[in-house]
Amino acid sequence: MFARRTPLSLPIPWLTFDAIRAISSMQSPNWTVFEYGSGHSTLYWRKSGMSVVSVENDPGWYAYLVNALQGEKSTDVRVIYADTKAAYVESINEFGGRGFDLILVDGAYRRECVVVAVKHVRPGGYLVVDNTDWHWVTEFPYEGIPSNWVKKVYPGYAPMIGYRSETTLWQRPIEQDT
């Protein structure tokens, strides 16, 4: 897969394979997904029948993805271009109190996105953060994730990437946080 890598060639998240398997075993077509960072995962969620909102800060990649989606008949995909850090991080707030079943943080400003995203995960829903093995994460762990959220770490290889990585999932308890 690495040798044949081309943009949007494989509609699968670039998360570790074990994380993809775990999410696939839990997901439902009626899920709503928000993702910081768009691309292969956007196509994956859409093909799985989910409603997707994705925010992107790279103008070239945004244009490329929007063009790739033009021929699609799905109205359940919305890609937002955010040209500033504040617009990117806060874009999820546009959806008010509506929670998401899954929020993926796999783009820019990850620390800031996690803090905001936590408020928008539905009870029983998931926060997924990719590349949690990066040195700046291990040295300064993410803040703002409640201690009662169930955490699962999935180390291993990911599609299109020729090195080991790590994806971490947190599940918000079904009962409201206290």
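Residues numbered from 1 in each chain as written. Predicted model: local features only at pLDDT ≥ 70, side-chain atom pairs only at ≥ 80, totals over all residues. Heavy atoms only, no water.

Another aspect to go through is the overall build of the chain. Helices and strands together make up the secondary structure of the chain, namely six helices and seven strands. The 178 residues of the chain split such that 47% are buried. Put simply, 64% of the contacts in the chain that link residues at least 6 apart link residues at least 24 apart. Split by element, the accessible area of the chain, about 8900 Å² in all, is 53% carbon and sulfur. (Helix = DSSP H or I, 4+ residues; strand = E, 2+ residues; numbered from the N terminus. Buried < 20%, exposed > 50% of the residue type's maximum accessible area, 1.4 Å probe, protein only. Contact = heavy atoms within 4.5 Å. Areas by Shrake-Rupley, 256 points an atom, 1.4 Å probe, with all protein chains shown as cover.)

The buried count for strand β2 (residues 51-56) comes to five of six residues, which makes it a mostly enclosed element. Note: strand β1 (residues 32-36) against β2, five bridges, orientation parallel. Its bridge partner lying in β2, threonine 32 is registered against serine 51. As for the winding sense of the linkage, the β-α-β connection from β1 through helix α2 (residues 40-47) to β2 is right-handed. The pairing of β2 with strand β3 (residues 77-81) spans five bridges and is classified as parallel. By the bridge assignment, valine 55 is partnered in β3 with isoleucine 80. (Pairing = 2+ DSSP bridges. Right-handed = clockwise from strand over helix to strand, strands pointing away.)

Read across the open sheet, the seven strands follow the order β3-β2-β1-β4-β5-β7-β6; overall the sheet is mixed. With one partner strand each, in any of the chains shown, β3 and β6 (150-156) form the two edges of the open sheet. Looking at each pair of strands side by side, their axes are set apart by 15° on average, direction ignored. (Axes fitted to C-alpha atoms, helices over the stretch in contact; angles between N-to-C directions.)

Confidence in the prediction for the chain averages 88 pLDDT; 89% of positions are at 70 or higher. Ranking the helices and strands of the chain by mean pLDDT puts helix α4 (residues 85-90) first, with 98, and helix α6 (residues 135-139) last, with 77. (pLDDT = per-residue confidence, 0-100.)

This part is about α2. Burial of α2 is extensive: seven of the eight residues sit out of reach of the surface. All of the buried residues along α2 are His40, Ser41, Thr42, Leu43, Tyr44, Trp45 and Arg46. Buried-residue contacts for α2 involve α1 (17-26), β1, β2, α3 (59-69), β3 and β4 (100-105). Residue glycine 49 follows α2 closely and has a positive phi angle near 90°.

Glancing now at the pairing of strand β5 (residues 121-130). Counting buried positions over the ten residues of β5 gives seven, a clear majority of the element. In terms of strand pairing, β4 meets β5 through five bridges, oriented parallel. Among the inter-strand pairings, leucine 102 is bridged to a residue of β5, identified as tyrosine 126. Taken together, β4, helix α5 (residues 110-117) and β5 form a β-α-β motif whose crossover is right-handed. Pairing of β5 with strand β7 (residues 165-171), which is carried by five bridges, proceeds in the antiparallel orientation. Directly across from tyrosine 126, in β7, lies its bridge partner glutamine 171.

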